[in-house]
Amino acid sequence: MNTCCCNYDDYRETTDWLLSHTEQRPKVAIICGSGLGGLGDLLDNKTVCHPNGCSYVHWAVPGHEGQLVFGSLRGRQCVCMQGRFHFYEGYNIHTVTYLVRVFFLLGVETLIVTNAAGGVNGSFNVGDIMLIKDHINMPGFAGQNPLCGHNDERFGVRFLCTSDAYDRDLIALAKQTAEEQGCSTFLQQGVYCMVAGPTFETVAECRVLQLLGADAVGMSTVPEVVVARHCGLRVLGLSLITNKVVTDYASEEKTNHDKVLETTRRRTQDLQRLVSHLIAKI
Ligand code: HPA
């Protein structure tokens, strides 16, 4: 059975440990996708925390892609999660989302999630940034929803409405900021579909995703968003389109992780600029 492995005291313990290691009291948390952790390096008055050893926080490789950075970005106190826990790495779905509840207990009100994603919408280009307006929780369809199991009312309700998962005001603010920062020529908006991974999709699977109405596909984000909405955080999601999915059997194109990282390197500055200017307006 998919029972939650952690209880309120575990989340509380990690929260108290973090509170004793930093004086920052962030209102905004940012989860950085693959290769997008550079935002954490931009924070002023940084405290870097490795809560490894606290319940359920065991980054496989603690380091740059496995740590929390507290600090301020354009005057706003933030916590930046450099590296996330992916379901495909074998982490339990409750471990994947563990730190989101810790953010809530820390007093965070807004969660910004970034990820690398494949472009399913044929009009998207590699290097586009997609504001997530909605998601399809494919692992959720298969019973891997982080809210399965006992519901602790201190976090949220048993049956969560997710038709308003992505905050419309934050999307509007992101669009306005993108215009000001000269990013609107590569800004898109659409539906993100989470697959469990770690395989990239077959041609037939990509065609299914198109039929389902997905604009982008990736292997993360949705569990964290579900848990964040459960405890009342406002959410903004941004996908960097790192590749176009293959929907044609005649295509020689092959998706691989190196190409994904190459695109993130190319666009990381733009994404950081967009997010940091946006945070200043929250
Ligand atoms: N599929 C799934 N996840 C991804 C992709 C993709 O094409 N690109 C980056 N993450």
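Engineer: Break down the overall build of the chain for me, citing the residues and quoting the values.
Structural biologist: A tally of regular secondary structure across the chain gives eight helices and nine strands. Radius of gyration (C-alpha) of the chain: 18 Å, near the 19 Å computed for a compact globule of 282 residues. Considered along the principal axes of its C-alpha atoms, the chain spans approximately 55 × 45 × 35 Å. Relative to its full complement of 282 residues, the chain shows a buried share of 54%. Partitioning the contacts of the chain with sequence separation of at least 6, the portion at a separation of at least 24 is 82%. Charged side chains in the chain number 24 positive and 29 negative. The centres of these two groups are separated by 4 Å.

Engineer: Now, about the pattern of salt bridges: what can you tell me, with residues and values included?
Structural biologist: Side chains that carry opposite charge are capable of pairing whenever their charged atoms lie near each other. Under the defined criterion, the tally for this structure stands at eight salt bridges. The closest approach of N and O atoms between Arg 229 and Asp 164, which form a salt bridge, is 3.7 Å. You can see Arg 229 sitting in helix H7 (residues 222-230) and its partner Asp 164 sitting in the loop between helix H4 (138-141) and helix H5 (168-180), a full 65 residues away along the chain. With a shortest N-O distance of 3.3 Å, Arg 273 and Asp 270 are connected by a salt bridge. With Arg 273 and Asp 270 both in helix H8 (residues 257-281) and three residues apart, the pair spans about one turn of that helix. Residues participating in the shared-partner salt-bridge network are Arg 267, Asp 270 and Arg 273.

Thresholds, definitions, all that
Residues numbered from 1 in each chain as written. Predicted model: local features only at pLDDT ≥ 70, side-chain atom pairs only at ≥ 80, totals over all residues. Heavy atoms only, no water. Helix = DSSP H or I, 4+ residues; strand = E, 2+ residues; numbered from the N terminus. Rg over C-alpha atoms; globule rule 2.2 N^0.38 Å. Buried < 20%, exposed > 50% of the residue type's maximum accessible area, 1.4 Å probe, protein only. Contact = heavy atoms within 4.5 Å. Lys, Arg positive; Asp, Glu negative; His and termini not counted. Charge placed at Lys NZ, Arg CZ, Asp CG, Glu CD. Salt bridge = Lys/Arg side-chain N within 4 Å of Asp/Glu carboxyl O.

Scope: geometric values only; no functional claims are made or implied.
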